[in-house]
Amino acid sequence: GNMQEGSLRCDVNVSVRQKGTKELGTKVEIKNMNSFAAMQKAVDFEVERQVQLLESGKGDLICQETRLWDESVQATKIMRKKEGLADYRYFPEPDLPDIMLTEEFVEEIRNGMPELPHEKRMRYLELGLPLSDALTLADDRGIASFFDACLEEGAAPKVAGNWILNDIAKYLSEEKVNIEDAKLTPAALAEMVSMIEGQVISGKIAKEILPILLQEGGNPKVLVEERGLVQISDTGAIEAMIDEVLAANPKQLEQFRSGRDKLQGFFVGQVMKKSQGKANPALINKILLPKLRGEA
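Note that this is a predicted model, so its numbers are computed, not measured.

S.K.: How should the overall build of the protein be read in this particular structure?
M.R.: Scanning the protein from terminus to terminus reveals 13 helices and four strands. Compactness check: the protein gives a C-alpha radius of gyration of 32 Å against a globular reference of 19 Å for 296 residues, more than 25% above the reference. If one aligns the C-alpha atoms of the protein with their principal axes, the spans along those axes are about 90 × 50 × 45 Å. Residues classed as buried in the protein amount to 32% of the 296 residues present. Of the contacts made within the protein by residues no fewer than 6 positions apart, 57% connect residues no fewer than 24 positions apart. Element-wise, carbon and sulfur atoms account for 51% of the exposed surface of the protein, whose accessible area totals about 19000 Å². Side-chain charges of the protein comprise 38 positive and 48 negative groups, with the mean position of each set lying 7 Å from the other.

Take a look at the structure:
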């Protein structure tokens, strides 16, 4: 077909078989369909026709034949019957000798093949990745290789996958580059993931340094130290900031204690702002809530 001109012509072969049987049913060819919609309707009709014949004990009426799709009556109609191979003009090519492949040769080729996409998808699912993530990662060879290299560096599969499929994928799309063109290395991403899980940096700080790693490369640990972005996990320091925020916002504190629980997010935001985004969010909430309730 010339799809750029909007024209299409195609043939389909349809056969059905009853559940539990190994032998394929008789093939029926439907010719000269000129749209995807016609092809779908023709296949649906022909499958239903053959199933009904089989279920009514008239399977012998399904014969090897060519049919046409009649749009006016929404049905396939017989065009001609084909009794055997001769009707299809099948014949051996005398100038092409038979190729005999030994089991050993086939096994050698099989063992030398790289991991196929469906095998990669199954491996990713076994790592605990959601189906959508496994499909997306496995469908791009470059992305899959980068992800696998991250795993070899010790990165947690789900976390590394999330960064690759979200923030990194967004950068690659905006810059119109492949992951091989970015300066970020698998080792760097694995180290950044490890720093997040070890609460050395927060996800907010990771989002801040990731564009630099993608554009310029480098070591996340060194970059964080040079820019003073190490997450504050000192309980005393965080408690002091919380006390200052509560003292500066007595009206909101009174409203919280009157039942406006959603204001907790306001106070968390104020502490994060005061720490320039470096305070450990989990520690903030742990220390903040008792103080908001007047329990500490």
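Let's pick the thread back up.
S.K.: Which parts of the structure should I look at to understand the sheet that holds strand β2 (residues 28-33)?
M.R.: Sheet strands associate in pairs through backbone hydrogen bonding, adopting either a parallel or an antiparallel arrangement. If you walk across this open sheet you meet the four strands as β1-β2-β3-β4, and the pairing is mixed. The sheet is open, and its two borders are formed by β1 (10-14) and β4 (75-81), each paired with just one other strand. Averaged over all pairs of adjacent strands, the angle between their axes in this sheet comes to 30 degrees, without regard to strand direction. In terms of strand pairing, strand β3 (residues 65-70) meets β4 through six bridges, oriented antiparallel. Looking across to β4, one finds that Arg 67 is bridged to Ile 78.

S.K.: How do you make sense of the nonpolar core when you look at a structure like this?
M.R.: A general trend in soluble globular proteins is that nonpolar side chains are found buried together. Core analysis: the biggest nonpolar cluster contains 37 residues, and Ile 168, Leu 184, Leu 189 and Met 192 have the highest contact counts within it. When residues of this core are traced back to their parent elements, those giving at least two are α4 (131-139), α5 (141-152), α6 (157-175), α7 (186-197), α8 (203-216) and α9 (220-226). By residue number, the principal contributor to this core is α8, which donates seven residues. Each residue touching Leu 189, except ones within four places of it in the same chain, is listed here: Phe 146, Cys 150, Ala 160, Trp 163, Ile 164, Ile 168 and Leu 184. Listed in part, the 18 residues of the second largest apolar core include Ile 242, Leu 253, Met 272 and Ile 287.

S.K.: How should I be thinking about unusual backbone geometry in this particular structure?
M.R.: The general pattern is negative phi for most residues beyond glycine and trans for most peptide bonds. The phi dihedral of Asn 32 falls on the positive side, at around 60 degrees, and the residue is not glycine. Following the sequence through the fold, Asn 32 ends up in strand β2. Under the relative-accessibility criterion, Asn 32 is labelled partly exposed at 38%. Non-glycine residue Lys 176 carries a positive phi angle of around 55 degrees. Tracing the backbone through its elements, the reader meets Lys 176 in the loop between α6 and α7. The class for Lys 176 is exposed, based on a relative accessible area of 73%.

S.K.: Just to check I follow, could you spell out the environment of Glu 295 for this structure?
M.R.: With respect to the helices, strands and loops of the structure, Glu 295 is situated in the segment after α13 (281-292). Linking Glu 295 and Ala 182, residues 113 residues apart in sequence, is a C-alpha distance of 50 Å.

S.K.: What is the right way to look at the side chain of Gln 264 in this model?
M.R.: By the secondary structure assignment, Gln 264 is in helix α12 (residues 263-274). A polar contact of 3.0 Å, which involves the side chain of Gln 264, links it to the side chain of Asn 285. If we skip the residues at most four places from it in the chain, Gln 264 touches Phe 256, Asn 285, Leu 288, Leu 289 and Leu 292.

S.K.: I keep staring at the packing of α6 against α7 and nothing clicks. Help me out?
M.R.: Describing two packed helices takes the angle between their axes plus the distance from one axis to the other. Contact geometry for α6 and α7: axes closest at 10 Å, N-to-C directions at 115 degrees. With respect to each other, α6 and α7 are oriented roughly perpendicular. Judged by the twist between their axes, the crossing of α6 over α7 is right-handed. Side by side, α6 and α7 meet where Val 159, Ala 160, Trp 163, Ile 164 and Ile 168 of the first sit next to Leu 189, Met 192, Val 193, Ile 196 and Glu 197 of the second. Across the contact of α6 with α7, the residue classes tally to nine nonpolar, no polar and one charged.

About the criteria used
- Residues numbered from 1 in each chain as written.
- Predicted model: local features only at pLDDT ≥ 70, side-chain atom pairs only at ≥ 80, totals over all residues.
- Heavy atoms only, no water.
- Helix = DSSP H or I, 4+ residues; strand = E, 2+ residues; numbered from the N terminus.
- Rg over C-alpha atoms; globule rule 2.2 N^0.38 Å.
- Buried < 20%, exposed > 50% of the residue type's maximum accessible area, 1.4 Å probe, protein only.
- Contact = heavy atoms within 4.5 Å.
- Areas by Shrake-Rupley, 256 points an atom, 1.4 Å probe, with all protein chains shown as cover.
- Lys, Arg positive; Asp, Glu negative; His and termini not counted.
- Charge placed at Lys NZ, Arg CZ, Asp CG, Glu CD.
- Pairing = 2+ DSSP bridges.
- Axes fitted to C-alpha atoms, helices over the stretch in contact; angles between N-to-C directions.
- Core = buried A, V, L, I, M, F, W, Y, C linked by side-chain atoms within 4.5 Å.
- Polar contact = N/O pair within 3.5 Å; in protein donor to acceptor, adjacent residues only side chain to side chain.
- Parallel < 35°, antiparallel > 145°, perpendicular 65-115°, else oblique.
- Left-handed = near helix turned anticlockwise from the far one by under 90°.
- Nonpolar A, V, L, I, M, F, W, Y, C, P; charged D, E, K, R; others polar.

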